[in-house]
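Analysis of the macromolecular model
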Amino acid sequence: MKCFFPVLSCLAVLGVVSAQRQVAVQEGPLYRTEGSHITIWCNVSGYQGPPEQNFQWSIYLPSAPEREVQIVSTMDPSFPYAIYTQRVRSKKIYVDRVQGNSALLHITDLQARDAGEYECHTPNTDERYFGSYSAKMNLVVIPDSLQTTAVPQTMHKVEQDPLELTCEVATETLQHSHLSVAWLRQRGGEKPVEVISLSRDFVLQSSSDYAQRQSLGEVRLDKLGASTFRLTIFHLQPFDQGEFYCEAAEWIQDPDGSWYPMTRKRSEGTVVNIQPTDKEFTVRLETEKRLYTVGEPVEFRCILEAQNIPDRYFAVSWAFNSSLIASMGPNAVPVLNSEFTHREARGQLKVAKESDSIFVLKIYHLRQEDSGKYNCRVTEREKTVTGEFIDKESKRPKNIPIIVLPIKSSISVEVASNASVVLEGENLHLSCTVRTAGRPLGRFSVVWQLVDRQNRRSNIMWLDRDGTVQPGTSYWERSSFGGVQMEQVQPNSFSLGIFNSRKEDEGQYECHVTEWVRAVDGEWQVVGERRASTLVSITALETGFAVTAISRTPGVTYSDSFDLQCIIKPHYPSRVPVSVTWRFQPVGTIEFHDLVTFTRDGGVQWGDRSSSFRTRTAIEKAESSNNVRLSISRASDTEAGKYQCVAELWRRNYNNTWTRLAERTSNLLEIRVLQPVTKLQVSKSKRTLTLVENRPIQLNCSVKSQTSQNSHFAVLWYVHKPSDADGKLILKTTHSSAFEYGTYAEEEGLRARLQFERHVSGGLFSLTVQRAEVSDSGSYYCHVEEWLLSPNYAWYKLAEEVSGRTEVTVKQPDSRLKLSQAQGNLSVLEMRQVQLECVVLNRTSAASQLLVEWFVWKPNHPERETVARLSRDATFHYGEQAAKNNLKGRLHVESPSPGVYRLFIQNVAVQDSGTYSCRVEEWLPSPGGVWYKRAEDTAGQTAVRVSRPDAALQVDTVVPNATVSEKAAFQLDCSIVSRSSQDSRFAVAWYSLRTKARGKSGGLGLEDGEEEEEEGEDEEEEEEDPTERTALLSVGPDAVFGPEGSPWEGRLRFQRLSPLLYRLTVLQASPQDTGNYSCRVEEWLPSPQKEWYRLTEEESAPIGIRVLDTSSTLQSIICSNDALFYFVFFYPFPIFGILIITILLVRFKSRNSSKNSDGKNGVPLLWIKEPHLNYSPTCLEPPVLSIHPGAID
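First, a word on what this report is: a plain description of the structure on this page. All of these numbers come straight from a predicted model, not from anything done at the bench.

Brief notes about the environment of L729
Looking at the element boundaries, L729 is found in strand β57 (residues 728-733). On a C-alpha basis, the gap between L729 and L716 in space is 7.0 Å, while along the polypeptide they are 13 residues apart. Contact partners of L729, with chain neighbours within four places excluded, come to L716, W717, Y718, G742, T743, Y744 and A745.

Take a look at the structure:
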């Protein structure tokens, strides 16, 4: 970097740098170790705009090479990302501006995460974009592996003893690096002295204290093995006493070719104590007198007093006014300084060794400039093993001053100045006038000197006799910048100008004029000297410099404005800049931080923590003075605290640099920002509220007055129970309308029941507790907090007040449940439907739920039994009675309107008879969602009687008698005229009626399953009936045939011509078949339980059948009777045709009817197909009636 700026300056002079912006950054990659301090330079050239450019540094991490991470900026304090903000604020990362167009990035404590690609960016200040605005370089962070170790110990040595110490230095760095190792000695708090070192280029070197001994081989550094470095001092001296330690540095070569020390480590120290030997000596300086005249000789004698001087080696040096004249080693050969060599060559001066203990300096011809202080220094030397000498102890006596008087001259000197008292920074002009009594003898040399307050004299400038002007040593730099000028205005007038005076320029200004004349030998000789002086007092700029902070409003209210003035005294001219910084200590803190600075060049610079002040603060500097006014508007509590202004007085130096002369801190100025006086008033009225459970509790909190129309309120609702000492928080609504539930709301489960409302008026707040419970009774009140918005847009609590209490009593509602008590009687036939109505005339609450239960009292059963239950959630449940009487599936409930419930019993049976009633329970919901029974009532009773239908069965009793011939067939029809129900079925049986010959014969039943009671009745009737009944054939209601009577077995044919007409045909009639016949019909009905029962029975009138014997021929019979003849031969044909058609129609209709009813409802068919008749082809055998399983569909 040292080479970069000069080269760039040269390029700028040569015109290489064009108007195109170019940004250059230090070449990479750079390898640096963790924990080290790194600097990276960045420079911009070819730009337009202000000379001072800004720099912004960013990094691209290896983990995200495309993402820019901002580090630090010279223009934006908020530029760093969060990962670097703390390090930038703590100055661990900062930018050092070298010049207006160049800067250095400093990272003081390098971390491994700092590795990456760094980018230096300069924001555009040009009129247009042209060139490069950023440059990048790579930084590699490697571990610090350098180790420097030595055994700590304490050693006691004697002078001239040897010393050996070892140190281990090792590194594990993978990059190519060099090591440098140095041994240092430190004594107490003194600065460490380098004994000997091995540089990175393997060059041995020592400091000035050990350079001679190292060159003589007295001090050595040897490398033993790969990592051991040994220090050897062959002859210790008392000077060597102290702590010795080893220091190693690891160097790496950067891409620009320069070497950089990555890390530096030191070892533990070894304390070396040295016991000196007795080799003391003293030195005295003597001369004859102290006052001489030009041309006189003088001799100085340096006398050495010591033991065993011949066996020791001493060196002597002579000095004049602390300047070396000559030196003489142990070999007694003098070596003169170049200034005195010429005089010694001319025989005007001699340096010699008179004896082992006396050394002499002789000046044979004194000059006036020889006036001054003379002294000698004696140094003891020690001869080494190589024959070389090394310095040991050195001593010198007190100085001897001599005065050499000049040749008298007639000149006089006058000094004048433009002012005897000037303000620092003003120009000082002095004139020196030389006056002579006659014509000047020769030339003048003039020296301007300053004697300060401490009586120290210094040469400002001098003009030698040849007219050459030279500045003094301390004024050389100022003279080069034109800050000090000397001129010869006239041959005898000389001026001195001091521009931009400083306080240290104050003192006695003396003009020393020397008159020179040329001697015979051509040499110039001083013939006279004159001096004149004048006292110049320079008032320091900081004299009386004071600063005072005042304010007329030490106490303000929120949003008011206040002014702070920083008054600077005294009044300085415009050329004297003063920078003023306002500092601020917030309330509750102990540290001040800079708020804003009015810089010396008139700029305004805000502090790092002044963001809240910027938009509300104006800073103004008076044109006629350096007073600075700070005006803050919209004051808030963040502006409350102590203010202090700090003024810095600056001075521009001769080299255009600035020096801060003084800093003054003003008095503390405390500003109190007060909150406005509250006007909050909350209604204190008390209320008593009694309400029914499950009703809402309406609580109001009224703000009667408020401080500001912009006030916001936080309302806290409390309830106080008699059992509690303090109220419990129910709900809190913050000033920002946020809700926070209190512990009471959480414990009592009130969250779902609370409703908060703020009315449009703004001062009325309502809290509604929905679905009140008895446990909600208590004393309610509100706690109101008034909040206002501070000028910095932060809310603060101004005041708070508690309202009056509302005593709330919650009770359960009164029961108003009432059912209809109307009584009723119902008579209904079996299989019909019964409707039982339960009417709720009144209820406690419309929100209640009803449980309806129907029950019945059965005859001979004193306990009631539950029929059905309709629960609160409208779920239907059967009771125990439903299971007993097979009511499941026959019950139906409906509610055509609120409060009306109807129970329908379908397909009622006789066993359903009883006294019915309903009971209603009214359930109310608690606010917690738990239902409880509030009331119950029972309705009036309804008596229900279920009976079976009346018998309406009738069988046709008008049946004609018939005569048939033997072997012929006769028919027995059984016609049912009426029936009791369309659902009834019939059991049909045909009987042969004969008069009993003896006793009583058993009766023939239609079914095996007749009830014993009916059978008993039949037996009694048969005992009274003299007619003997013989069953031909029976068909049950389930269409199952009974056994055929034995006389007619195989000769019967059954037909069902219609649902109400049954026919039995007897084939192959015989004379034994002659007699009376009848049919008996039983009517069966289904019960609601799908069981069939016999309702009634009816028997037809007897039918007389006569069977003729085969001895009477058919022809004779027919022919003997005309009516029979016509009946047989004429009438049958049309009748037969009609009959065939009728039979076909009937059979077709009955077949369709049987198919449609076959298997319906799981009941088998009642009817049987015609039996198969087998006829003999010769008609000699009677037809045979056979019924087999295939005959029944």
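With respect to the pattern of salt bridges
As enumerated under the stated definition, the model contains 60 salt bridges in all. Across the salt bridge formed by R301 and E354, the nearest N and O atoms sit 3.0 Å from each other. In this pair, R301 is assigned in strand β23 (residues 298-306) and E354 in the loop between β27 (349-353) and β28 (358-363), connecting sequence segments 53 residues apart. R301 sits in the partly exposed class, given a relative accessible area of 22%. Here R660 and E648 are joined by a salt bridge, their closest N and O atoms 3.1 Å apart. In this pair, R660 is assigned in strand β51 (residues 658-665) and E648 in strand β50 (residues 641-652), connecting sequence segments 12 residues apart. For E648, a relative accessible area of 17% gives the class buried. Shared partners join several salt bridges into a network, and the residues in it are E853, R869, R919, E921, K933 and E936.

Section: the nonpolar core
If you look at soluble globular proteins, the nonpolar side chains tend to sit buried side by side. W582, Y643, W717 and I730 are the most contacted members of the largest nonpolar core, which has 65 residues in total. Discounting chain neighbours no more than four positions away, the residues touching Y643 are F562, L564, W582, R583, F584, L595, F613, I632, N667, L668, L669 and I671. Core analysis: the second largest hydrophobic core is formed by 30 residues, L304, V316, I325 and L349 among them.

A closer look at the state of the cysteines
The full count for this structure, using the stated rule, is eight disulfides. Between the sulfur atoms of C838 and its disulfide partner C918 the distance amounts to 1.9 Å. Where C838 bonds to C918 through sulfur, the torsion about that S-S bond is close to 75°, and the disulfide is right-handed. On the criterion of sequence distance, the pair formed by C838 in strand β66 (residues 834-842) and C918 in strand β72 (residues 914-925) is long-range, its members being 80 residues apart.

A short note on the sheet that holds strand β12 (residues 163-170)
As summarised here, the arrangement of the four strands in space is β10-β12-β17-β16, forming an open sheet in which the pairing is antiparallel. In this open sheet, the two strands that pair with only one neighbour each are β10 (147-149) and β16 (219-224). Neighbouring strand axes in the sheet, compared pairwise and without regard to direction, differ in orientation by 20° on average. Two strands pair when backbone bridges link them, and β10 and β12 are joined in this way by three bridges, in the antiparallel orientation.

Re the pairing of strand β60 (residues 764-769)
Of all six residues in β60, five are buried; the element is thus mostly enclosed. In this structure, strand β55 (residues 697-705) lies alongside β60, joined through six bridges in antiparallel fashion. In the strand pairing of β60, I697 is matched with V769.

Things to note about unusual backbone geometry
Cis peptide bonds are those with omega within 30 degrees of zero, and the linkage from G28 to P29 qualifies with 0°. Mapped onto the secondary structure, P29 falls in the loop between β1 (22-25) and β2 (30-33). For the bond from K569 to P570, the omega torsion is -5°, close enough to zero to count as cis. Among the secondary structure elements, P570 is positioned in the loop between β44 (562-569) and β45 (578-586). In this model, F202 sits at a positive phi of 65°, which is unusual for a non-glycine residue. One can find F202 in the loop between β14 (193-198) and β15 (204-205). With a relative accessible area of 62%, F202 lands in the exposed category. Located in the positive-phi region is A874, a residue other than glycine, with phi close to 65°. You can call A874 exposed: its relative accessible area is 59%.

Here we look at the sheet that holds strand β32 (residues 411-417)
The four strands are arranged β32-β34-β39-β38 in an open sheet whose pairing can be described as antiparallel. Lying at the two open borders of the sheet, with one neighbouring strand each, are β32 and β38 (484-490). This sheet shows a mean twist of 20° between the axes of neighbouring strands, independent of strand direction. Of the pairings in the sheet, the one linking β38 to strand β39 (residues 493-498) comprises six bridges and is antiparallel in character.

Rules of the game
Residues numbered from 1 in each chain as written. Predicted model: local features only at pLDDT ≥ 70, side-chain atom pairs only at ≥ 80, totals over all residues. Heavy atoms only, no water. Helix = DSSP H or I, 4+ residues; strand = E, 2+ residues; numbered from the N terminus. Contact = heavy atoms within 4.5 Å. Salt bridge = Lys/Arg side-chain N within 4 Å of Asp/Glu carboxyl O. Buried < 20%, exposed > 50% of the residue type's maximum accessible area, 1.4 Å probe, protein only. Core = buried A, V, L, I, M, F, W, Y, C linked by side-chain atoms within 4.5 Å. Disulfide = S-S within 2.5 Å. Pairing = 2+ DSSP bridges. Axes fitted to C-alpha atoms, helices over the stretch in contact; angles between N-to-C directions.

That is the geometry; function is a separate question.
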